[in-house]
Amino acid sequence: MLIWVVGLLLLNLVLSTYIEIRQLLKNSIVPYLLYFRLGILEVLFGSLIEWKRISRIFNGDIEVNWLLAPGLLLLIAGLIPDVVYTPLARFSSSPLTLLRWLINPLGHTATRTSLHVLTGIILVRSITRIERG
């Protein structure tokens, strides 16, 4: 029950932050701190998917594994605001170039939300034992 309450609380915080961002963008203000808060809230929501592992972490069952490196890279890439990625995507003229293929998705809110949720899952998995077999 507590997981549901925390999940709903996080979703409402994500929504209110998103609304604040949209209002500030209408006034041509780029709210970098709000983008950061939005990303962290979405990562926390993603980590709730692994709530059993989180309970193991609180019980001291911690073991860092190889997933930490990609998790941190995704976290860094995801916390950079999309307004930074949009001009970067214009450097590439052909739609088939690697730069455009990697950066274009990061300039869209839905992709970034999915990336944040995935990052939360990977980060929780990166500090618990990998279950084999």
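Keep in mind the model is a prediction, meaning the values are calculated, not measured.

A.B. asks: Would you take a moment to explain the packing of helix H1 (residues 2-26) against helix H2 (residues 32-48) for this structure?
C.D. replies: Describing two packed helices takes the angle between their axes plus the distance from one axis to the other. Here H1 crosses H2 at 160°, and the two axes come no closer than 9 Å. Viewed along their axes, H1 and H2 adopt a mutual orientation that is roughly antiparallel. Pair H1 / H2 crosses with left-handed handedness. Within the contact of H1 with H2, the residues separate by chemical class into 17 nonpolar, two polar and three charged.

A.B. asks: Can you help me understand H2 in this one?
C.D. replies: Turn by turn, an α-helix covers 3.6 residues, leaving residues three or four places apart pointing in a common direction. Compared with the 24 Å implied by 1.5 Å per residue over 17 residues, the 25 Å span of H2 between its first and last C-alpha is a close match. Among the residues of H2, those classed as buried are Leu34, Tyr35, Leu38, Gly39, Leu41, Glu42, Val43, Gly46, Ser47 and Leu48.

A.B. asks: Would you mind going over unusual backbone geometry with me for this structure?
C.D. replies: With the exception of glycine, most residues fall at negative phi, and the peptide bonds are largely trans. Positive phi, normally seen in glycine, also occurs at Ser28, with a value near 60°. Looking at Ser28, the relative accessible area reads 68%, which means it is exposed.

A.B. asks: Honestly, the side chain of Glu42 in this entry has me stumped. Any pointers?
C.D. replies: Within the secondary structure layout, Glu42 lies in helix H2. The buried charged residue Glu42 lacks any salt bridge partner; its closest oppositely charged side chain belongs to Arg112, at an N-O distance of 6.8 Å. Ignoring anything within four residues of it in the chain, the contact list for Glu42 reads Val14, Arg112, Thr113, His116 and Val117.

A.B. asks: Any chance you could explain the pattern of salt bridges here in plain terms?
C.D. replies: Proximity of charged atoms lets side chains of opposite charge pair with each other. Summed over all chains, the structure comprises four salt bridges. Between Arg53 and Glu50 there is a salt bridge, and its shortest N-O distance comes to 3.1 Å. Here Arg53 matches Glu50 in class, with each residue buried. A salt bridge links Arg125 to Glu50; its shortest N-O distance comes to 2.7 Å. One end of the pair, Arg125, is in helix H7 (residues 109-126); the other, Glu50, is in the loop between H2 and helix H3 (51-58), and 75 residues separate them in sequence. For Arg125, a relative accessible area of 36% puts it in the partly exposed group.

A.B. asks: Sorry, what's going on with the packing of H2 against H7 here?
C.D. replies: One can describe the packing of H2 onto H7 by two numbers: an axis separation of 7 Å at closest approach and a directional angle of 50°. When the interaxial angle is binned, H2 and H7 end up oblique. Once H2 is placed against H7, the crossing between them reads as right-handed. Along its contact with H2, which presents Gly39, Glu42, Val43, Phe45, Gly46 and Ser47, the element H7 presents Arg112, Thr113, His116, Val117, Thr119, Gly120, Ile121, Leu123 and Val124. Here the contact of H2 with H7 is composed, by residue class, of six nonpolar, seven polar and two charged.

Conventions used here
- Residues numbered from 1 in each chain as written.
- Predicted model: local features only at pLDDT ≥ 70, side-chain atom pairs only at ≥ 80, totals over all residues.
- Heavy atoms only, no water.
- Axes fitted to C-alpha atoms, helices over the stretch in contact; angles between N-to-C directions.
- Helix = DSSP H or I, 4+ residues; strand = E, 2+ residues; numbered from the N terminus.
- Parallel < 35°, antiparallel > 145°, perpendicular 65-115°, else oblique.
- Left-handed = near helix turned anticlockwise from the far one by under 90°.
- Nonpolar A, V, L, I, M, F, W, Y, C, P; charged D, E, K, R; others polar.
- Expected span 1.5 Å × (residues − 1).
- Buried < 20%, exposed > 50% of the residue type's maximum accessible area, 1.4 Å probe, protein only.
- Lys, Arg positive; Asp, Glu negative; His and termini not counted.
- Salt bridge = Lys/Arg side-chain N within 4 Å of Asp/Glu carboxyl O.
- Contact = heavy atoms within 4.5 Å.

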